[in-house]
Amino acid sequence: MADVPKIRFKGFSDDWEQRKLGEILVSLQNNTLSRAELSKEKGIAKNIHYGDILVKYGEVLDVSKEELSMIADEKVLNKYSASFLQNGDVIMADTAEDSTVGKCSEIAGLTDDVVISGLHTIPYRPKIKFASGYLGYYLNSNAYHQQLIPLMQGIKVTSVSKSAMQNTDIIYPKSEEEQGRIGAYLKGITRLITLHQHKCDEIIELKKHMLQKMFPQKGKKTPEIRFAGFTGDWEQRKLGAIFKERTERATGDEELLSVTIGNGVIRQADSVKRNIASEDKSNYKIVRKGDVPYNSMRMWQGAVGNSEYDGIVSPAYTVLVPTAQANGKFFMELFKKESTLKIFQRWSQGLTSDTWNLKYPVLSSIEFYVPSIEEQTKIAENFKSLDNLITLYQRKCDELVKIKKYMLQNMFV
């Protein structure tokens, strides 16, 4: 008998069962084919590589939906015929570069395909029936994984042996219905996480596409996509005519937020305001809401943002102040375009990337094609809307990940 978890579905009150892994799981044979011996296009059998378990696959692997590597060698079928995988089998990665060793995937969605466990994996088949999903989520939970940590060996590459795992404990509800409720719940929340992440990725790709289409291509004076009501060529302007440099330093007479660049937006780095009176004030630069600060040593890598706060920034930053002819958000997006970064790289001073530095006097002489402030604002609003959607879906995804982590910690013993 074993303890029961903190969180259970209503109607279940029986004690959980505790058995040794070797008593309820039997190991199958895995192949040792390297990536180079596998195909992405065609073959006679599907292969599950340990690297994909560690990075790509989740707790439950639906082989009918996921893209698996293929085995082309027909000899493999005969050699591993007794170890063709079935739904409910669990494939564990026995090697990793860190403590993620032991991560596993439970097989689901298998019909007529031949699927074989691959390099650096241990395939297990339950001797007793478990509800779909239970073992996949349980064996990936901290409740089980903590047992593997003392068994791990190696420094640069960590591994755990089949024999060492034989005496680890598998704890589960006797009721297959309760197992099924747990598996179904965790499958549901995993599906929601995937859905929100896919939506977030789609909007990110849409934004990349719009960035290409809403700014002029090389040699052009107008973009491919424009909002209704805007016509005519964009005007070539020097940045020095559009931005001035803010050179104010902090005085210590006011409380200011320490801010930092994150995803192109300047956000507060500290959760509360900090008084900088006791610090070396000459090391801080003032930034105001609407400014466009950039790291002069990393501008060619896209280290630029549009500030949402009044605050202070590292002396590594140059702070640009938009004139009435400039929308900070518009230019921040322009500055982060791949074609623009190549321009900044050419204008940066220094023989190596360690010494490149794009100060304001040099930046001010660089020219770009620029639309009217009205068109700038319209374009900026469009990208702001996309940013808000990306943030919304990513935040929801992060919240669901936290809920899933909490449930994995409390739904198992």
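About the cut-offs
Residues numbered from 1 in each chain as written. Predicted model: local features only at pLDDT ≥ 70, side-chain atom pairs only at ≥ 80, totals over all residues. Heavy atoms only, no water. Helix = DSSP H or I, 4+ residues; strand = E, 2+ residues; numbered from the N terminus. Buried < 20%, exposed > 50% of the residue type's maximum accessible area, 1.4 Å probe, protein only. Polar contact = N/O pair within 3.5 Å; in protein donor to acceptor, adjacent residues only side chain to side chain. Contact = heavy atoms within 4.5 Å. Axes fitted to C-alpha atoms, helices over the stretch in contact; angles between N-to-C directions. Parallel < 35°, antiparallel > 145°, perpendicular 65-115°, else oblique. Left-handed = near helix turned anticlockwise from the far one by under 90°. Nonpolar A, V, L, I, M, F, W, Y, C, P; charged D, E, K, R; others polar. Disulfide = S-S within 2.5 Å. Salt bridge = Lys/Arg side-chain N within 4 Å of Asp/Glu carboxyl O.

Quick one: what's the story with the side chain of Ser117, residue by residue and with numbers?
With respect to the secondary-structure elements, Ser117 resides in strand β9 (residues 115-117). Look at Ser117 and you get buried, because its relative accessible area is 0%. Polar side-chain contacts of Ser117 include one of 2.5 Å to the side chain of Thr121. Sequence-distant contacts of Ser117, defined by excluding residues within four places in its chain, comprise Asn30, Asn31, Asn47, Ile48, Leu85, Ile91 and Pro123.

I'd like to hear about the environment of Arg237, residue by residue, with values.
Take Arg237: it is sitting in strand β13 (residues 235-238). The class for Arg237 is buried, based on a relative accessible area of 18%. Note: C-alpha distance between Arg237 and Pro371 (134 residues apart in sequence) is 9.6 Å. The contact partners of Arg237, leaving out residues within four places of it in the chain, are Ile242, Gln325, Ile366, Glu367, Phe368 and Val370.

Explain the packing of helix α7 (residues 176-213) against helix α11 (residues 373-410) to me, using residue names and the numbers behind them.
The N-to-C vectors of α7 and α11 enclose an angle of 160 degrees; their axes lie 9 Å apart at closest approach. With respect to their mutual orientation, α7 and α11 come out roughly antiparallel. When the axes of α7 and α11 are compared, the crossing they make is left-handed. Grouping the constituent residues of the contact of α7 with α11 by class yields 22 nonpolar, five polar and five charged.

Got a sec to walk through the environment of Asn327? Specific residues and values, please.
Note on placement: Asn327 falls in the loop between β21 (317-322) and α8 (328-335). The class of Asn327 is buried, set by a relative accessible area of 17%. When the C-alpha positions of Asn327 and Ile242 are compared, they lie 9.4 Å apart, and in sequence the two are 85 residues distant. In contact with Asn327, other than residues within four places in its own chain, are Ile373, Gln376, Thr377 and Ala380. Among the polar contacts made by the side chain of Asn327, one reaches the main-chain amide nitrogen of Lys329 at a distance of 3.0 Å.

Describe the state of the cysteines, naming the residues involved and giving the relevant values.
The tally for this structure, following the rule as stated, stands at zero disulfides. Counting only cysteine sulfurs, Cys397 is the nearest neighbor of Cys200, a cysteine outside any disulfide, at a range of 7.4 Å. Assessed through its relative accessible area of 3%, Cys397 is described here as buried.

I'd like a rundown of the pattern of salt bridges, residues and numbers included.
It is possible for side chains of opposite charge to pair when their charged atoms get near one another. One pass over the full model with this rule turns up 20 salt bridges. For Lys384, the salt bridge goes to Glu308, with nearest N and O atoms at 3.7 Å. Pair noted here: Lys384 is in helix α11 and Glu308 is in the loop between β19 (306-307) and β20 (311-313), with a separation of 76 residues, a long-range link. Relative accessible area serves as the criterion here: at 37%, Lys384 is assigned to the partly exposed category. A salt bridge links Lys329 to Asp387, with the shortest nitrogen-to-oxygen separation between them at 2.3 Å. With Lys329 in helix α8 and Asp387 in helix α11, the pair connects residues that are 58 residues apart, well separated along the chain. On the basis of relative accessibility, which here comes to 9%, the residue Lys329 falls in the buried class.

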